[in-house]
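If you want the building blocks of each chain, they are given just below.
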Amino acid sequence: QRGDATLFVKFLDKKTYRRAAATFAAMPEPVAPMAFAKASTMIDGECAYVAEAAQGVCLRDLLARGESPPWDLLDRAIRALRATPVHDVMPTIDYASALDAGVRMLQKGAVLMPELQQRADLLARVSAPQAVRAGFVHGDFHDRQLFFTHDRATLIDLETIGRGDAHFDVVNMAEQLRLRSLQQTGADDGMCDALLD
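All figures in this text were calculated on a predicted structure; none of them were measured in a lab.

Draft legend 1. Examining the pattern of salt bridges more closely. This structure, assessed with the given rule, holds 12 salt bridges. In this structure, Glu29 and Lys38 form a salt bridge, with 2.3 Å as the shortest nitrogen-oxygen distance. Classification of Glu29 as exposed rests on a relative accessible area of 55%. Residue classification places Lys38 among the partly exposed positions, given a relative accessible area of 28%. Through salt bridges with shared partners, a single ionic network connects Glu175, Arg178, Asp188 and Asp193.

Draft legend 2. View of the sheet that holds strand E2 (residues 34-36). The 4 strands are arranged E2-E9-E8-E5 in an open sheet whose pairing can be described as mixed. The open sheet has two free edges, formed respectively by E2 and strand E5 (57-58), since each of these has just one partner strand. As defined by bridge partners, strand E8 (residues 146-148) adjoins strand E9 (residues 153-155) across 3 bridges and the pair is classed as antiparallel. Along E9, the bridge assignment pairs Leu146 with Leu155. Packing against the sheet, helix H3 (residues 71-83) makes contact with E2, E8 and E9, and its axis sits at approximately 65° to E2.

Draft legend 3. How the structure looks around the environment of Trp71. Inspection of the secondary structure puts Trp71 in helix H3. Taking the C-alpha atoms as reference points, Trp71 and Leu195, 124 residues apart in sequence, are found 8.1 Å from one another. What Trp71 contacts, discounting residues up to four positions off in sequence, is Met191, Ala194 and Leu195.

About the thresholds
Residues numbered from 1 in each chain as written. Predicted model: local features only at pLDDT ≥ 70, side-chain atom pairs only at ≥ 80, totals over all residues. Heavy atoms only, no water. Salt bridge = Lys/Arg side-chain N within 4 Å of Asp/Glu carboxyl O. Buried < 20%, exposed > 50% of the residue type's maximum accessible area, 1.4 Å probe, protein only. Pairing = 2+ DSSP bridges. Helix = DSSP H or I, 4+ residues; strand = E, 2+ residues; numbered from the N terminus. Contact = heavy atoms within 4.5 Å. Axes fitted to C-alpha atoms, helices over the stretch in contact; angles between N-to-C directions.

This is the structure:
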């Protein structure tokens, strides 16, 4: 706590910290109604940063209570992310990199669970879509990263930001919603499709 403000300290591995420090130096200002929970202090010796807590309610908490998200605000926030300026020093985040990372993770897992190799082989055959337009990409956009007040959406955990296909975050959020539903209830609750609509 610092006065009335709640602060969080986020610890990173060395590689992520170096990337985050360089990216934070070129952090763009978001377009309203989006706000960023920016790092206020970098702690080099600990590979950590300090950021003020996001105001409002987490999207995940709304969904867990069975409440409908503020669709209009969510739509405007996602559009604002697409309009947020990007800089050349920001790392590139794209589908090809994500596919490659997925294949590598499955191959590592196949050491313990050989049946994962078949999934790795299937994923390796998927072709990445053509990038539509370069834009701001959070890189880990899901329902625990977004907080809402009545007129603002705040995005946290900004160490993964970069530039790339502006659709990347929307697809990631949608599939995270589907995955959570499948994990919790064993069925697709339609929230993924509602978000994409």
